Amino acid sequence: MYTKKVLDYFKKPKNLGKIKNADGVGKVGNMACGDVMHLYIKVKEEKGKEIISDIKFQTFGCVAAIATSSAVTEMVKGKTFEEALKVGKGDIIDSLDGLPPIKIHCSVLATEALAEAIYDYLSKNNRPIPEFLEKQHEKTVKENEMLEERYEEWTENQQD
Amino acid sequence: MKKQEKKKMIYMDYAATTPVDKKVVKAMLPYFTEKYGNTSSIHTMGTIANTVVNRVREEIANYISCQINEVYFTSSATESNNWALKCVASANKDKGNKIIISSIEHDCVLNSAEWLSKNGFNVEHAPVDEFGSVKLDELEKMMTKDTILVSVMHSNNEIGTIQPIEEIGKICKKKGILFHTDASQSFGKMPINVQKLNIDLLTASSHKIYGPKGVGLLYIKNGVKIDTFIHGGGHERGKRSSTVNVPAIVGFGKALEICIKEMYDEKLRLTNLRDKIIKNVLKNIPDSHLNGHPTKRLPNNIDIRFDFIEGEALMMELDMNGIEVSTVSACSSPKLQASHVLLSCGVEEKYAQGTIRITLGRYTKESEVKYLLEVLPKAVQKLRKISPMNIHNSE
């Protein structure tokens, strides 16, 4: 059912964990599937451009959810925001040599987590936010409200 | 290319299916190449086939204490359940249009009932308690005058809870309502007496008891009104057409014979292993919970949920360590929904995600159980490290 690449990521996830004092955090969840993804980014300037210098993830979810979150961290590490936001679900799926159709939403979740982490960084630093990112954020917030209701007890314990 | 060494796997998913016993295969073989007759033919070859099929019918009738002519062979438990629900409903619609099933039935009963509800029948789901036992008082209250059929499984495929079938049968008899039970997981594992239990229709399957896939049965008590499901040349006394799968039925019979012979000892052995696993896991893995009833459960079923992680990931982690179990987490289900069985037991959706089902069987060794108990805590711990939900990760 899963490709070797998916299983490799699952076996040995890359960039696993939490970044203390992260510059941006993206927390998303797809309740239909019971997946919750947290992405943490560090940002630094290089040659006058901001890049994602470090990125880590934590995921509650199935094999595909863990693999896609790990894959996306690898794909955008060292990239500018513009480059990172161009990574779509199709790119993630291709990098994994494919996902079962029923697991496609996991790759969507990974892109949403990334967008949220970048949004979080931009808004914290009072920076202009592209319209598409604002729209994406609104959608994610709505979904997260559902998520928080359902995971209240667990997420309460997650306060830093 | 380097030849890859095949990893030895430990199979602990006997509720999904079982390997065919070698003695069963041996019994089946002559019926492919030597005794290949059609049971409908009246020449010698046909008579040989017919005789052996009826011998198996008799064996089954003896096991469940019914008449020989009350046992009908089908292609699967799914077919039997479809037949029982849809065709009892259609044949009895002059009496009423209400059908009651338990809320934790297998999909083939649930979806047959759903189809009936789209076709004019009133289907109600009887609730279960936290252990997955049907609430008898509520079930009785649901049985109105227009109820024609009650269908409650003998034991549940996910959580292993054995239902109060005798009590349900008694109530149905008192009220004059037909009672069907899907005994796919119980058949061959414990004594079943359809007369004592007041069962009118019973479903069973061969591949759950070390027999071949592709054959099941429906017991239909004489006098029960039921329409034909598969129309054709009039096999199975006109009730279920389709050329009779003689080798598979012979295998089913041999498989049952072995199960009956070993039933008492096997039940004891598996119950011990089951309880050892449950006790060990609950004690040694924090935030783990048993699903289903602690004692009124199948001797081979262990269904445990772990907080903060997801079942499919745990299943795959165990698979990578050479242990095959199963999961019913939302993420691995076609509809992306949490297990309807756990939700019916009152388990909240967020807690229902991290469940795995371990089911033992004839070839499960004590050493394999020991290995499982070594691997499982590590697997849970590994996934909890990945999870943002784990409260211990926030420090």
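Structure: see above.
What counts and what doesn't
- Residues numbered from 1 in each chain as written.
- Chains lettered and ligands numbered in written order.
- Predicted model: local features only at pLDDT ≥ 70, side-chain atom pairs only at ≥ 80, totals over all residues.
- Helix = DSSP H or I, 4+ residues; strand = E, 2+ residues; numbered from the N terminus.
- Rg over C-alpha atoms; globule rule 2.2 N^0.38 Å.
- Buried ≥ 20, exposed ≤ 12 C-beta atoms within 10 Å, placed from the backbone.
- Contact = placed C-beta atoms within 7 Å.
- Axes fitted to C-alpha atoms, helices over the stretch in contact; angles between N-to-C directions.
- Parallel < 35°, antiparallel > 145°, perpendicular 65-115°, else oblique.
- Left-handed = near helix turned anticlockwise from the far one by under 90°.
- Nonpolar A, V, L, I, M, F, W, Y, C, P; charged D, E, K, R; others polar.
- Pairing = 2+ DSSP bridges.
- Core = buried A, V, L, I, M, F, W, Y, C linked by C-beta atoms within 7 Å.
- Arc of directions from axis to C-beta.

A. Region of the structure containing the overall build of chain B. Assigned secondary structure in chain B consists of 12 helices and 13 strands. Taking 395 residues into account, the globule formula puts the C-alpha radius of gyration at 21 Å, and chain B, at 22 Å, falls close to it. Counting over 395 residues, chain B shows a buried share of 50%. Contacts spanning at least 24 positions in sequence make up 72% of the contacts within chain B whose residues lie at least 6 apart.

B. The packing of helix H8 (residues 246-284) of chain B against helix H12 (residues 366-386) of chain B, seen in detail. Residue and element names in this part refer to chain B. The interhelical angle for the contact between H8 and H12, taken along N-to-C directions, is 20°, at an axis separation of 11 Å. As the angle between them shows, H8 and H12 are arranged roughly parallel. In the packing of H8 onto H12, the handedness of the crossing is right-handed. Where H8 approaches H12, its residues Leu273, Lys276, Ile277, Asn280, Val281 and Asn284 are matched on the opposing element by Val369, Leu372, Leu373, Leu376 and Pro377. Considering only residue class, the contact of H8 with H12 consists of eight nonpolar, two polar and one charged.

C. Looking closely at the environment of Ala338 of chain B. Assignment of secondary structure puts Ala338 of chain B in the loop between strand S12 (326-327) and helix H10 (340-344). With 25 C-beta atoms packed within 10 Å, Ala338 of chain B lands in the buried category. As for Ala338 of chain B and Gly322 of chain B, which are separated by 16 residues in sequence, their C-alpha atoms are 26 Å apart. Excluding its chain neighbours within four sequence positions, the residues that come into contact with Ala338 of chain B are Gly34 of chain A together with Ala330, Leu343, Glu349, Ala352 and Gln353 of chain B.

D. Quick peek at the sheet that holds S12 of chain B. Residue and element names in this part refer to chain B. Strand order in the open sheet formed by four strands is S9-S10-S13-S12, with antiparallel pairing between adjacent strands. Of all the strands in the sheet, the pair left with one neighbour each is strand S9 (288-290) and S12. Here three bridges tie S9 to strand S10 (residues 301-306), and the two strands are oriented antiparallel to one another. Within S10, the residue paired with Leu290 across the bridge is Ile304.

E. Representation of the sheet that holds strand S8 (residues 216-220) of chain B in the model. All names here are of chain B. Pairing is mixed across the open sheet formed by seven strands, whose spatial order is S2-S8-S7-S6-S5-S3-S4. Every interior strand has two partners, whereas the edge strands, strand S2 (71-74) and strand S4 (122-126), have only one. With strand direction ignored, the average angle separating the axes of adjacent strands in the sheet is 20°. Sheet analysis places S2 next to S8, joined by four bridges and oriented antiparallel. Note on S8: the bridge partner recorded for Thr74 is Gly216.

F. Inspection of the pairing of strand S2 (residues 35-46) of chain A at higher detail. Two strands pair when backbone bridges link them, and S2 of chain A and strand S3 (residues 49-60) of chain A are joined in this way by 11 bridges, in the antiparallel orientation. If you follow Glu45 of chain A over to S3 of chain A, its bridge partner there is Glu50 of chain A.

G. Structural detail: the nonpolar core. In terms of nonpolar packing, the biggest core is built from 80 residues, with Val88, Ile99, Leu201, Tyr219 and Ile249 of chain B touching the most fellow members. Residues in contact with Ile99 of chain B, not counting those within four places in the same chain, are Ala89, Ala113, Leu116, Phe121, Val123, Ile148 and Leu149 of chain B. Counting residues in each nonpolar core, the second largest holds 71 residues, with Ile118 and Tyr121 of chain A together with Ile309 and Ile358 of chain B among its members.

H. Molecular detail of the environment of Val72 of chain A. Residues and elements named next belong to chain A. Along the chain, Val72 turns up in helix H2 (residues 63-76). Looking at Val72, the number of C-beta atoms within 10 Å reads 27, which means it is buried. Residues Val72 and Val87, 15 residues apart in the sequence, show an inter-C-alpha distance of 8.2 Å. Setting aside its immediate chain neighbours within four residues, Val72 contacts Val87, Ile92, Ala110, Thr111 and Leu114.

I. A look at the pairing of S10 of chain B. Residues and elements named next belong to chain B. Burial of S10 is extensive: six of the six residues sit out of reach of the surface. Here S10 shows no split at all, with Asn301, Asp303 and Arg305 on one side and Ile302, Ile304 and Phe306 on the other all buried. Note that S10 and strand S13 (residues 355-359) share five bridges and pair antiparallel. Paired with Asn301 across the two strands is Thr359, which belongs to S13.

J. Looking closely at unusual backbone geometry. All names here are of chain B. Phi angles above zero are rare outside glycine, and Ser65 is one such case at about 60°. Relative to the helices and strands, Ser65 resides in the loop between helix H3 (44-64) and S2. The partly exposed category is assigned to Ser65, around which 14 C-beta atoms lie within 10 Å. Phi angles above zero are rare outside glycine, and Tyr210 is one such case at about 70°. A tally of 26 C-beta atoms within 10 Å means that Tyr210 is categorised as buried.

K. Representation of helix H7 (residues 165-175) of chain B. All names here are of chain B. Residues of H7 that are buried include every one of Ile165, Ile168, Gly169 and Cys172, and no others. Viewed end-on, H7 has its buried residues packed into an arc of 100°, placing them on one side of the element. Turned more than 90 degrees off the buried face of H7, the exposed positions are Glu166 and Lys174. Tucked inside the fold, the buried residues of H7 contact helix H6 (136-142), strand S5 (147-151) and strand S6 (178-182). Backbone geometry just downstream of H7 places Gly176 in the positive-phi region, at approximately 70°.

What is shown is where atoms sit, not what they do.
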